[in-house]
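What follows is each chain in one-letter form.
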Amino acid sequence: MARRNPERRAALVDAAIEVLAREGARGLTFRAVDTEAAVPPGTASNYFANRDDLLTQAGARVYERLQPDEATIERQRTAGRDLETYTLLMRELVTRVSSFRTGYLALLELRLEATRRPELRAVLTERVRADVDANVTYHEASGLPGDGTAVKLLILALNWLIVEQLTLPDVFPEEEREALIAAAVDRIVGAGG
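Residues numbered from 1 in each chain as written. Predicted model: local features only at pLDDT ≥ 70, side-chain atom pairs only at ≥ 80, totals over all residues. Heavy atoms only, no water.

Caption draft 1: Highlighting the environment of phenylalanine 30. For phenylalanine 30, the location among the structural elements is in helix 2 (residues 30-37). Along the chain, phenylalanine 30 and serine 45 lie 15 residues apart, while their C-alpha atoms are 6.2 Å from each other. Discounting chain neighbours no more than four positions away, the residues touching phenylalanine 30 are Ala44, Ser45, Phe48, Asn50, Arg51 and Leu54. (Helix = DSSP H or I, 4+ residues; strand = E, 2+ residues; numbered from the N terminus. Contact = heavy atoms within 4.5 Å.)

Caption draft 2: Seen up close, the pattern of salt bridges. The tally for this structure, following the rule as stated, stands at 14 salt bridges. The salt bridge partner of glutamate 113 is arginine 117, with a shortest N-O separation of 2.6 Å. A relative accessible area of 22% means that arginine 117 is categorised as partly exposed. Here the salt bridges share partners, and the residues they tie into one network are Arg51, Asp52, Glu113, Arg116 and Arg117. (Salt bridge = Lys/Arg side-chain N within 4 Å of Asp/Glu carboxyl O. Buried < 20%, exposed > 50% of the residue type's maximum accessible area, 1.4 Å probe, protein only.)

Caption draft 3: Quick peek at helix 10 (residues 174-190). Along its 17 residues, helix 10 runs 23 Å from first to last C-alpha, staying within 8% of the 24 Å computed at 1.5 Å per residue. Among all positions in helix 10, only Arg177, Glu178, Ile181, Ala184, Val185 and Val189 are buried. Buried residues of helix 10 fall within an arc of 120° about the axis and therefore sit on the same side. Opposite its buried face, helix 10 presents the exposed residues Glu175 and Arg187, each directed more than 90 degrees away. Contact partners of the buried residues in helix 10: helix 6 (83-99) and helix 9 (148-167). (Expected span 1.5 Å × (residues − 1). Arc of directions from axis to C-beta.)

Caption draft 4: Inspection of unusual backbone geometry at higher detail. One non-glycine residue, alanine 38, adopts positive backbone phi at about 55°. Checked against the element boundaries, alanine 38 lands in the loop between helix 2 and helix 3 (43-47). The exposed category is assigned to alanine 38, whose relative accessible area is 69%.

Listed below in structure tokens is the structure:
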């Protein structure tokens, strides 16, 4: 039977994220998680039914930790509704996601693992689809320029920019990255809106 201490479970899932980012999906074992979390051997196996359960919960936890805080959400609600504001919001998004480096790298590992695990693929597909839908819905209600297709195109473009930043940071230095974000917003949103 799985243990129910939510703080311990969260610490174990956070440790799994760190292991995924550092060692990849093949390095994710209960023993590695126990070591990363600095808990006695066998602890993780008391909290997760199996490795797939741990992988799935790690993916969910990354998305939970990537959510903006209330102050950011409130600032977005009260911000202007023009391309300049949109660009600022996208820069904040890229910075927030990039600052959780291990989480994003763990998500990449989970996506690769999902190509081999249909159950994980189903969970990630549902989670990513819900995230895209929530972003489109939020955008449409926000009054910002552009439509749902623009939101999806920005998600695709900025996700790859984040991958470049986290894996090969010297490809696009910070100044160029900032200019690319502005160009993406201008060309994707400004062109259609």
